[in-house]
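# Tertiary structure, described
Here's the letter readout for the chains.
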Amino acid sequence: MSALQHTALHKLHLELGAKMVPFAGYDMPVQYPLGVMKEHQHTREKAGLFDVSHMGQVVVQGDSYAQAALALETLLPVDILDLAENRQRYGFFTNDAGGIEDDLMLVNRGDHVFIVVNAACKVADIARVKAALEPKVTVTELTDRALLALQGPAAEAVLSKLDTKAAQMRFMDVATLKLDGIEVWASRSGYTGEDGYEISVPAEYAEALARTLLAHEDVAPIGLGARDALRLEAGLCLYGHDIDATTSPIEAALTWAIQKTRRPGGARAGGYPGASIIEDHLANGAPRKRVGLRPEGRAPMREGVELFATQTSAEPIGTITSGGFGPTVNGPVAMGYVTGDSAKPGTVIYGALRGKRLPLTVTQLPFIAANFKR
Amino acid sequence: MKFTEEHEWLREEDGLIVVGITEHAATQLGDIVFVELPEVGTTVSKDDEIVVIESVKAASDILAPLDGEIVEVNEALADAPATVNDDAMEGGWFFKMKPSDLSPMDDYMDEAAYKKMID
């Protein structure tokens, strides 16, 4: 196995006392001395600073934004062309089976599309886009930039002290900000269900920016442990767990991310991998659906727990894909796939845990109300 | 008090053995959110998995350190599992057992030996 890669903040993580773990080929902080529970609560109450520099930041450049956008639309069932300048949108690469190869954020940056992809998928994503679209477009990974996320209700106040433009941004807006003399690309978005920003910064200035943000009394460093619990409570998918190459976007309850213009009858319907299967799921319903699940009692049910319609039924109706304890919910929370009628909120199903069948209730996602500034 | 390699502590009390996990183990596990305890009256064999501890990170098993019968469990952990983090060596105890064979006690570590192991 090759050595783990370091982000630009690696030294700072060690200095802050982080417990480091391997994640997607990087040595990353899973928690700081505050601990997962308090880091989670701090993010929901004030603001948390996350190092997400392991993610891939990629520029897709054509003759124009429209040309790059239309080229990318052959790989994603998303309206990229009509995305306004300095706006961001969620999307996913699909495969011929109608499954999801990766989920990502797309930004219209005037003359090019800027995408942010998952760390574990970035090599495959870049290879896929290059193979399909070069030489019509050029695909460049920005390996000289770090990515920080500042998340929580205090994020706006913290960032706008450094650049007042930060407060004028709305959810999914993107802007170039100047933070303590450092030029960054900020988006008002994140992966916690809280208001906040993701900040792309030249790697050489990342540590200085992180120290400036951490100097604010409301900001604490937050590790991957709390990040996972925050996104789970927010009902957000983790690639490789809640969505993967075998889950269609309709099964994954991500239909909202396929704009009308890319659906049958739309101006640019189809034309992406697996369109016929995804269109069939759109028209006739998917065989299974991703749902929120609230285990009764206190015992967490984690990824891999099999789900059953009754306490005695022989055949499982699905599996938990993410699960754990939700500190803000103050109880166990999970997501998983179930078939047919069981997907209806309020349905009680059973999870097989240590030889027992324990009840869970199918629940609307997210588990906590989103706190975005729309 | 005796210690196992599984980071349990064992304290003799009125002919019974009280069992919990060490402060070191509780810190390593992280914030504990759920403890599944055995039923009172259960007969257990040494190395049976009889307690499940769920932290925010993962589930871990605790093994029976001796053969015997479970005579009391710490019911307070149902509502306050974090007691294991806050007071691992006292209030965070898991169960009391009536041992049927005390001989493994001789193989378990004293405090000095345990401290050496975790250093």
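Rules and cut-offs
Residues numbered from 1 in each chain as written. Chains lettered and ligands numbered in written order. Predicted model: local features only at pLDDT ≥ 70, side-chain atom pairs only at ≥ 80, totals over all residues. Heavy atoms only, no water. Pairing = 2+ DSSP bridges. Helix = DSSP H or I, 4+ residues; strand = E, 2+ residues; numbered from the N terminus. Axes fitted to C-alpha atoms, helices over the stretch in contact; angles between N-to-C directions. Contact = heavy atoms within 4.5 Å. Buried area = accessible area lost by both parts, 1.4 Å probe. Salt bridge = Lys/Arg side-chain N within 4 Å of Asp/Glu carboxyl O. Polar contact = N/O pair within 3.5 Å; in protein donor to acceptor, adjacent residues only side chain to side chain. Nonpolar A, V, L, I, M, F, W, Y, C, P; charged D, E, K, R; others polar. Phe/Tyr/Trp six-rings, centres within 6.5 Å; stacked < 30°, edge-to-face > 60°. Buried < 20%, exposed > 50% of the residue type's maximum accessible area, 1.4 Å probe, protein only. Parallel < 35°, antiparallel > 145°, perpendicular 65-115°, else oblique. Left-handed = near helix turned anticlockwise from the far one by under 90°.

## Focus: the sheet that holds strand β5 (residues 88-94) of chain A
Residues and elements named next belong to chain A. Ordered in space as β5-β6-β7-β4-β8, the 5 strands form an open sheet in which the pairing is antiparallel. Of all the strands in the sheet, the pair left with one neighbour each is β5 and β8 (138-141). Across the sheet, the mean angle from the axis of one strand to that of its neighbour is 30 degrees, orientation sign disregarded. As defined by bridge partners, strand β6 (residues 100-108) adjoins strand β7 (residues 112-117) across 5 bridges and the pair is classed as antiparallel.

## Comments concerning the interface of chain A and chain B
Facing 12 residues of chain A, the contacting portion of chain B comprises 13 residues. For the chain A and chain B pair, buried surface summed over both sides reaches about 1,200 Å², with 51% attributable to carbon and sulfur atoms. Among the residues of chain A in contact with chain B, A:Arg298, A:Arg302 and A:Arg354 are the three that bury the most area, contributing 44% of the side total. Across the chain A-chain B interface, the total number found is 4 salt bridges. At the boundary of chain A and chain B, one finds 7 residue pairs in polar contact (both at pLDDT 80 or more). A breakdown of the residues in the side of chain A that touches chain B according to their chemical character gives 5 nonpolar, 2 polar and 5 charged.

## Digging into the packing of aromatic side chains
All names here are of chain A. Tallying each qualifying case throughout the model produces 5 aromatic pairs over all chains. Ring centres 5.2 Å apart and planes at 85 degrees place the aromatic pair Phe 114 and Trp 185 in the edge-to-face group. Residue Phe 114 is located in strand β7, and its partner Trp 185 is located in strand β11 (residues 182-187); the two are separated by 71 residues in the primary sequence. By the burial criterion, Phe 114 is buried, and Trp 185 matches it.

## Here we look at the sheet that holds strand β14 (residues 288-295) of chain A
All names here are of chain A. A barrel is described by the order of its strands in space; here 6 strands give the closed sequence β14-β17-β16-β15-β18-β19, paired in antiparallel fashion. Each adjacent strand pair in this sheet contributes to an overall mean axis angle of 45 degrees, direction not counted. Relative to strand β19 (residues 356-363), β14 is paired through 4 bridges, and the arrangement is antiparallel. What sits directly across from Pro 295, in β19, is Leu 360. Against the sheet, helix α8 (residues 224-233) contacts β16 (318-326) and β17 (331-339), and its axis sits at roughly 115 degrees relative to β16.

## Points about the packing of helix α2 (residues 36-45) of chain A against α8(A)
Residues and elements named next belong to chain A. With their axes 8 Å apart at the nearest point, α2 and α8 run at an angle of 55 degrees to one another. Taken together, the axes of α2 and α8 lie oblique to each other. In terms of crossing hand, the pair formed by α2 and α8 is right-handed. Each of Val 36, Glu 39, His 40, Thr 43 and Arg 44 in α2 lies in contact with α8, whose residues at this interface are Gly 225, Ala 226, Ala 229, Leu 230 and Glu 233. Tallied by class, residues from the contact of α2 with α8 come to 4 nonpolar, 3 polar and 3 charged.

## Concerning the side chain of A:Ser248
Residue and element names in this part refer to chain A. Turning to its location among the elements, Ser 248 is positioned in the loop between α8 and α9 (275-284). Given a relative accessible area of 3%, Ser 248 falls into the buried group. A distance of 2.8 Å separates the side chain of Ser 248 from the side chain of His 281, its partner in a polar contact. Aside from chain neighbours lying at most four places away, what touches Ser 248 is Gly 98, Gly 99, Ile 100 and His 281.

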